[in-house]
Structures are given as structure tokens and as C-alpha cells.
Amino acid sequence: AVCRAHSVGQVAMSVFVTRRIPAEGLRLLSQASGCRVQQWDSEEPVPRAELLSGVAGARGLLCLLSDRIDREVLDAAGPSLKVISTMSVGFDHLALDEIKKRGIRVGYTPDVLTDATAELSVALLLSTCRRLPEAAEQVKSGGWTTWKPLWMCGYGLSDSTVGIIGLGRIGQAVARRLKPFGVKKFLYTGSGPKPESAAEFGAEFVPLMRLAEESDFVVVTCALTPATQGMCNKDFFGRMKKTSVFVNTSRGDVVNQEDLYNALAQGQIAAAGLDVTTPEPLPTKHPLLSLKNCVILPHIGSATYATRSTMAVLAANNLLAGLRGEPMPHELKL
């Protein structure tokens with residue numbers, strides 16, 4: 001992978017882009033007057049050494065959720081760095097305290113990926129509770145012999161209780177999509193009650209452990225913070241019903257994976273669907289991948305062509321607004 005530089009005008013504001021992004025986003029940057037773009041032009045993540053040399057002297061940085069932007073990167077960039085724009089809704093990969101200390105502005109891409117991520121969350125929930133990957137495999141392997149009354153049975157949504165951890169944009173969008181399936185009751189937990197948001201679904205704010213005990217389906221859509229790290233652990237899974245299904249489309253670190261493995265292997269819970277893991281990618285020999293009752297996807301929550309393109313455009317517009325000292329379309333208030 002090589003870095004391509006586009007030089008425009010005399011007063012060049014140098015920008016480093018950490019990956020190949022949808023063309024519309026890159027076009028906005030390379031056509032902006034006075035913007036000099038340097039890019040790690042690859043589908044694969046930028047190696048650490050390339051990131052450190054790429055940011056040196058840059059005024060703007062456009063990064064992805066897989067790039068760890070810590071003190072080392074900020075030091076390598078030096079005092080010229082004024083704006084960081086991440087092509088993600090999550091910002092747990094950014095050292096925010098350090099960024100704030102240096103007066104650097106941060107843009108991110110909420111809202112535009114809400115629908116795509118909510119759709120994927122529902123797809124993953126249905127795939128997991130109705131055992132779709134397992135069933136499709138049986139067709140290929142010759143395990144399908146005849147119609148059997150109890151074969152490949154799973155759990156349905158109608159008349160169920162769904163617990164949502166984090167009733168933010170994505171949590172609400174998931175509830176909105178699940179409601180027509182005939183869900184009887186929604187529970188939610190988070191840093192505090194959100195009566196306006198919850199009203200639409202008649203959702204009840206409950207403590208985490210009560211949500212674990214009463215939910216037939218648990219969907220995790222919260223942000224990763226020190227408070228949510230490792231929150232779904234042995235105690236949590238121990239409180240869940242043996243027939244309940246756990247789905248995580250937020251961040252892998254919200255879950256203690258060893259505890260989840262034990263809960264699934266010992267039949268403490270029925271099944272789990274994960275779009276996020278620790279680490280990412282998950283090693284192919286990981287114990288979770290040996291389980292039939294665990295569906296794991298490669299972090300594709302926002303992966304529709306339209307959504308990824310919109311994310312790139314928003315990330316570019318955030319960056320350009322920041323470089324020009326204008327209000328960003330979506331700025332993270334530090």
C-alpha cells in the first residue's frame with residue numbers, strides 16, 4: 001500500500017487518512033482548496049509505524065475505529081494537529097482526555113449508521129434464535145433427512161420480553177423494529193431513565209440484573225465506557241434464563257468472553273449472537289467458534305453500501321469544517 005498525495009494551492013493543510021475509504025469521502029477532501037491529502041491506500045489497517053510517520057505535521061486526521069489514537073500518535077503528530085475525524089459512531093479508540101488537553105476538535109458519525117446497525121442487530125437476533133446458520137449447514141452436510149417435530153427448534157419473539165442495554169439511537173431503532181414482531185414487553189437499562197424515548201415502546205427502566213432475569217432476549221447497544229466494560233459477565237449470564245438469547249452489536253469489551261463461553265457451553269443461556277468481539281478479528285481457533293449456539297459476524301453493523309458512503313462523506317465534512325474553524329455537522333463535545 002502506498003500513500004498518495006494530492007497537493008492543492010499554496011497554503012496546504014495536510015491531512016492524513018488512515019485507510020482506503022468510500023470514494024465520495026476522499027473526493028471531498030482531495031478537491032477541497034488548500035487541502036493536501038496523504039492516505040494509507042489499503043483495505044488493511046495502517047501499520048503502527050506508518051501511522052506515526054503519516055500523522056507527523058498533519059493538521060487533520062481521518063481515522064477508523066480500528067485505529068488506536070493514543071498519546072503516542074498525538075505526540076507523533078505534534079502541535080499542528082487540530083482536528084480528528086473518526087468514521088464511526090463509537091469513540092472508545094480515541095484517548096479523549098489527552099485530545100481534550102491539547103485542544104483538538106473531534107468529529108464522529110452518529111445517526112447515519114443507526115438504521116443499518118439496527119437492521120443488522122435484528123437480523124443477528126433472528127439468525128441466532130431461529131438457528132439459521134446451523135440449519136443452513138445441515139442442508140449442506142446432509143443432516144436434513146426429513147421433517148421432524150422437534151428438530152432445529154428455536155425461540156420466537158412473539159409474546160416475549162426484550163431487554164435493551166443502552167436505549168440510545170441504535171437501541172431505540174432496534175426496539176422500533178422488534179415491536180411489530182409481537183414483543184410483549186420492553187425493558188431497558190443505562191446510565192439513567194429516558195422517559196421520552198421509552199414512551200414509544202412502553203419500555204420500563206430497570207437495574208441491569210433485573211433485566212437479565214426477566215428478558216427472553218437481551219440486546220446490547222450501549223457505548224463502551226469504563227462503566228460498561230465487562231458488564232455482561234458471569235453474574236449477569238448466571239441471572240439470565242436458560243432459554244434466553246444474548247445479542248451484542250456494541251463493542252466486544254462490554255462482554256467478558258470467557259464468562260460468555262462458559263454460559264453457552266454449560267447451557268446457562270440458550271444462544272448468543274455477536275457482531276463485535278475481543279479482539280477483532282477473533283482468532284479462528286477461539287473457543288467461542290467451536291460452539292453451535294453462538295453466531296459470530298465480523299463487525300458488519302453499518303455495512304451497507306449507502307451507509308458506508310454516507311459515513312465517509314460525513315467524516316470528510318467534519319474534518320473540513322474543523323480545519324476551516326467552522327461548526328462541524330457532528331462534533332463530539334469534549
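This is a predicted model, so every value here is computed, not measured.

(A) Quick peek at helix α5 (residues 114-129). Between its first and last C-alpha atoms α5 spans 22 Å; for 16 residues at 1.5 Å apiece the expected length is 22 Å, and the two agree. Taking burial as the measure, the 16 residues of α5 include 12 buried ones, the bulk of the element. Taken together, the buried positions of α5 are T114, A116, T117, A118, L120, S121, V122, L124, L125, S127, T128 and C129. The first or second residue beyond α5 is R131, which carries a positive phi of 60°.

(B) Representation of the domain arrangement of the protein chain in the model. Under the domain assignment, the protein chain is made up of domain 1 (13-111 + 306-332) and domain 2 (113-296). Distance from the C-alpha centre of domain 1 to the C-alpha centre of domain 2: 32 Å. Counting from both sides, the interface comprises 10 residues of domain 1 and, opposite them, 6 residues of domain 2. When the two sides are added together, the surface that domain 1 and domain 2 hide from each other amounts to roughly 780 Å², 53% of it contributed by carbon and sulfur. For the pair domain 1 and domain 2, the number of links is 4 residue pairs in polar contact (both at pLDDT 80 or more). Considering only residue class, the side of domain 1 that touches domain 2 consists of 5 nonpolar, 3 polar and 2 charged.

(C) Structural view of the pairing of strand β12 (residues 271-274). Burial along β12 is two-sided: the face carrying A271 and G273 and the face carrying A272 and L274 are both buried. Where strand β11 (residues 245-248) meets β12, 4 bridges bridge the pair, whose relative direction is parallel. The residue of β12 that forms the bridge with N248 is L274. Taking the sense of rotation as the criterion, the β-α-β connection linking β11, helix α11 (residues 257-265) and β12 turns out right-handed. Summarising the sheet, β12 and strand β13 (residues 294-296) pair through 3 bridges and their orientation is parallel. Pairing of L274 across the sheet is with I296, part of β13.

(D) Main features of the sheet that holds β11. What the 7 strands build is an open sheet, ordered β9-β8-β7-β10-β11-β12-β13; its pairing is parallel. The strands lining the two open edges of the sheet, one partner per strand, are β9 (204-205) and β13. The sheet strands contacting helix α7 (residues 169-178) are β7 (161-165), β8 (185-189) and β10 (217-220), and the helix crosses β7 at an angle near 165°.

(E) Focus on the UniProt feature "domain: D-isomer specific 2-hydroxyacid dehydrogenase catalytic" (unreviewed entry) in the protein chain. The UniProt record annotates "domain: D-isomer specific 2-hydroxyacid dehydrogenase catalytic" (unreviewed entry) at residues 15-332. Overall, residues 15-332 shows 35% helix and 15% strand. The separation of its end C-alpha atoms is 19 Å.

(F) Geometry of the pairing of β11. Judged by which residues are buried, β11 turns out to be covered on both faces: V245 and V247 on one side and F246 and N248 on the other are all buried. As defined by bridge partners, β10 adjoins β11 across 4 bridges and the pair is classed as parallel. In the strand pairing of β11, F217 is matched with V245. Read as a crossover between parallel neighbours, the route from β10 over helix α10 (residues 234-239) to β11 is right-handed.

(G) Representation of the packing of aromatic side chains in the model. Within this structure, the stated rule accounts for 6 aromatic pairs. Where F236 meets F237, the ring centres are 5.7 Å apart and the plane angle is 80°; that geometry is what we call edge-to-face. The pair formed by F236 and F237 is uniform in burial state, with each residue classed as buried. Of the aromatic side chains, those joined through ring pairs into one cluster are F236, F237 and F246. Lying across the ring of W151, K148 places its NZ or CZ 4.3 Å from the centre.

(H) Spatial organisation of the side chain of Q172. Topologically, Q172 is positioned in helix α7. Exposure remark for Q172: the relative accessible area of 16% places this residue in the buried category. Here the side chain of Q172 touches L167 through a polar contact of 3.1 Å, landing on its backbone oxygen. Looking at Q172, its side chain comes within polar contact range of the side chain of S197, at 3.3 Å. Those residues within four positions of Q172 in sequence are excluded, and the remaining contacts are L167, S197 and F201.

(I) The environment of L319, seen in detail. Along the chain, the position of L319 falls in helix α12 (residues 305-323). The spacing of L319 and P329 is 10 residues in sequence and 9.6 Å in space, taken between C-alpha atoms. The residues touching L319, leaving out its near neighbours within four places in the chain, are V15, L29, G60, L61, L62, V83 and S85.

About the thresholds
Residues numbered from 1 in each chain as written. Predicted model: local features only at pLDDT ≥ 70, side-chain atom pairs only at ≥ 80, totals over all residues. Heavy atoms only, no water. Helix = DSSP H or I, 4+ residues; strand = E, 2+ residues; numbered from the N terminus. Expected span 1.5 Å × (residues − 1). Buried < 20%, exposed > 50% of the residue type's maximum accessible area, 1.4 Å probe, protein only. Domains from an automatic or database assignment. Contact = heavy atoms within 4.5 Å. Buried area = accessible area lost by both parts, 1.4 Å probe. Polar contact = N/O pair within 3.5 Å; in protein donor to acceptor, adjacent residues only side chain to side chain. Nonpolar A, V, L, I, M, F, W, Y, C, P; charged D, E, K, R; others polar. Pairing = 2+ DSSP bridges. Right-handed = clockwise from strand over helix to strand, strands pointing away. Axes fitted to C-alpha atoms, helices over the stretch in contact; angles between N-to-C directions. UniProt positions renumbered as here; feature names shortened; annotations may be inferred. Phe/Tyr/Trp six-rings, centres within 6.5 Å; stacked < 30°, edge-to-face > 60°. Lys NZ or Arg CZ within 6 Å of the ring centre and 35° of its normal.

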